[in-house]
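Structural overview
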Amino acid sequence: MIIEEAASPDEVEQFIGRLMSELAKEYNIEQRSLFATFSVGVAFWNRDYASAEDLLRDADTALYQAKRGGRNRYVIFEQAMQENVSRFMEVETDLRKALGRNEFRVFYQPIVSLGDGRLSGFEALIRWEHPVHGLVSPAEFIPIAEETGLIIEIGDWVLEESCRQMAEWKAADPNLSELWVSVNASCRQFNQPDFVEGVIAALDRTGLDAANLKLEITESMMVDNLDLIVDKMERLNGLGVRISIDDFGTGYSSLNNLHRLPLSSLKIDRSFVNRIEAGGESEEIIRTIISLAKTLQLEIIAEGIETPLQASHLENLECRFGQGYYFGRPVDAEHARGLLSADRPLVAEQTLQFA
Ligand code: C2E
Ligand code: MG
Ligand code: MG
């Protein structure tokens, strides 16, 4: 859209505001009502532009930014955006090739029972072994994978690889029947209509018992169609797959939603854990989350435990499970196997050597 005779940038912004609220309404298409939102990128022409294409490119960059910012908004182009977008597109191109090139790895971080410090499960955490950039953290590429939809394929891969690994460990040691692996499921992945079928297929192909698998989802997912989510969770639950809410306390789950969901556990976000001190605000929050979990009959897992003090503090608050650098960093499958055979409590000294 070209706005030719605007008196000021303000006027353009007002126009866009009106445009968006006009367009963002309910549409009835084939007896379904659909809600649409709009993202807008704006570039102002000035004499530095040599061509219309350049102006359009910048508007497009701003549009990209609007979508990344969560959609349903407008963004005005600034020069600094160009760099961001180039980086984003570079990662996107590489991500598309990474699966085929077998560049992803699953790392495993121990989850221990705080009472005796023994291994109870692992969280599966993806790593990307980039041929040029080395080990890339998921914080850097998961959002991009999510946005481009690549997360669906990547997530399927992590799920199957984690199940395969766990089944292999179990087959080698009959004492591990209770051990679980927790796999993160992204919102977009969970919302696939055939997500549950995918989980069933992964369990079938790898021979893992559903009881040895947990899925971690985040609170932010619960803003969407709750009935659909409850339905999927119930089907998973029926299979015996347990579900945890990850990063609990940082999102917006209403209590009303929470009690409708067939959950097995809440993971307390590490932002509370690393600020925990006797009598402090974080302690109060953790206390509240734990008593909420008790009421709802859910297990509690504290994330991000880095010191023995935090561990003992949480244990005193009757938090049953813990995870964090104090017990062990995420390690590759081979090192994780070493932890399985260690028939004693995990402490940092013992596991850090693998990090
Ligand atoms: P998350 O699921 O909350 O995973 C916990 C993160 O906290 C991991 O970061 C872990 O390495 C880190 N962590 C664990 N203990 C400590 C500690 O004591 N101190 C500190 N500072 N950090 C600790 P990581 O592996 O970088 O993963 C980041 C996030 O990326 C994960 O957060 C999860 O949301 C996402 N992610 C990782 N793997 C996958 C995956 O396979 N699929 C999806 N959809 N998301 C994934
Ligand atoms: Mg997680
Ligand atoms: Mg977490």
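Structure: above.
In this convention, every chain numbers its residues from 1, walking through the sequence in written order. In the order they appear in the text, chains get letters beginning with A and ligands get numbers beginning with 1. Local features in a predicted model are, by the rule used here, given only for residues with pLDDT of at least 70; side-chain atom pairs are given and counted only at 80 or more, and totals for whole chains, interfaces and linings are based on all residues. To obtain the side-chain values, all non-hydrogen atoms of the structure were used and water was disregarded.

Now for the coordination of the magnesium ion (ligand 2). Each metal's donors comprise the N, O and S atoms found within 2.8 Å of it (within 3.2 Å for Na, K or Ca). Water is not part of the atom list, so some coordination spheres may appear incomplete. Taken together, the protein donors to the magnesium ion (ligand 2) comprise Glu123 (OE), Asn184 (OD1), Glu216 (OE) and Asp246 (OD), at separations of 2.0 to 2.2 Å. Written as a sequence motif, the donor arrangement for the magnesium ion (ligand 2) is E-x60-N-x31-E-x29-D. Between the magnesium ion (ligand 2) and the magnesium ion (ligand 3), a spacing of 4.0 Å is present, and a bridge between the two is formed by Asp246. Taken as a pair, Glu123 in strand E6 (residues 118-130) and Glu216 in strand E9 (residues 213-218) lie far apart in primary sequence, 93 residues in all. Comparing Glu123 with Glu216, the two get one shared label, buried. Counting from the N terminus, the helices are the DSSP runs of H or I reaching at least four residues and the strands are the DSSP runs of E reaching at least two. Relative accessible area decides the class of each residue, using a 1.4 Å probe on protein chains only: under 20% of the type maximum gives buried, over 50% gives exposed, and in between gives partly exposed.

Let us look at helix H13 (residues 333-341). Since one α-helical turn is 3.6 residues long, residues separated by three or four positions face the same way. The set of residues buried in H13 consists of Ala336, Leu339 and Leu340. For H13, the arc enclosing every buried residue in end-on projection is 105 degrees, short of the 170-degree limit, so these residues lie on one face. In H13, the exposed residues that point more than 90 degrees away from the buried face are Glu334 and Ser341. Note that the arc is computed from the directions linking the helix axis to the C-beta atoms.

Moving on: the coordination of the magnesium ion (ligand 3). On the protein side, the magnesium ion (ligand 3) has Asp246 (OD), Asp247 (OD), Glu303 (OE) and Glu303 (OE) as donor atoms, found 2.1 to 2.5 Å from it. In the primary structure, the donors to the magnesium ion (ligand 3) are separated according to the pattern D-D-x55-E. Residue classification places Glu303 among the buried positions, given a relative accessible area of 12%.

So, on to the site of ligand 1. Close to ligand 1 lie 22 residues, the nearest being Arg127, Asn184, Asp246, Glu306 and Tyr325. Identification of polar contacts relies on pairs of N or O atoms within 3.5 Å, with a donor-acceptor requirement for protein atoms, meaning one able to donate a hydrogen and the other able to accept it, and with residues adjacent in sequence counted only if both atoms are side-chain atoms. In the model, an oxygen atom of ligand 1 is placed 3.0 Å from a nitrogen or oxygen of the Arg270 side chain. Within the contact set of ligand 1, a nitrogen atom lies 2.5 Å away from a side-chain nitrogen or oxygen of Glu306. In isolation ligand 1 offers 800 Å² of accessible surface; the protein chains occlude 84% of this area. By convention in these notes, a residue is near a molecule or strand provided one of its non-hydrogen atoms lies within 4 Å of it. Here the accessible surface of atoms and residues is derived via Shrake-Rupley with a 1.4 Å probe, and residues count as covered only by protein chains that are part of the display.

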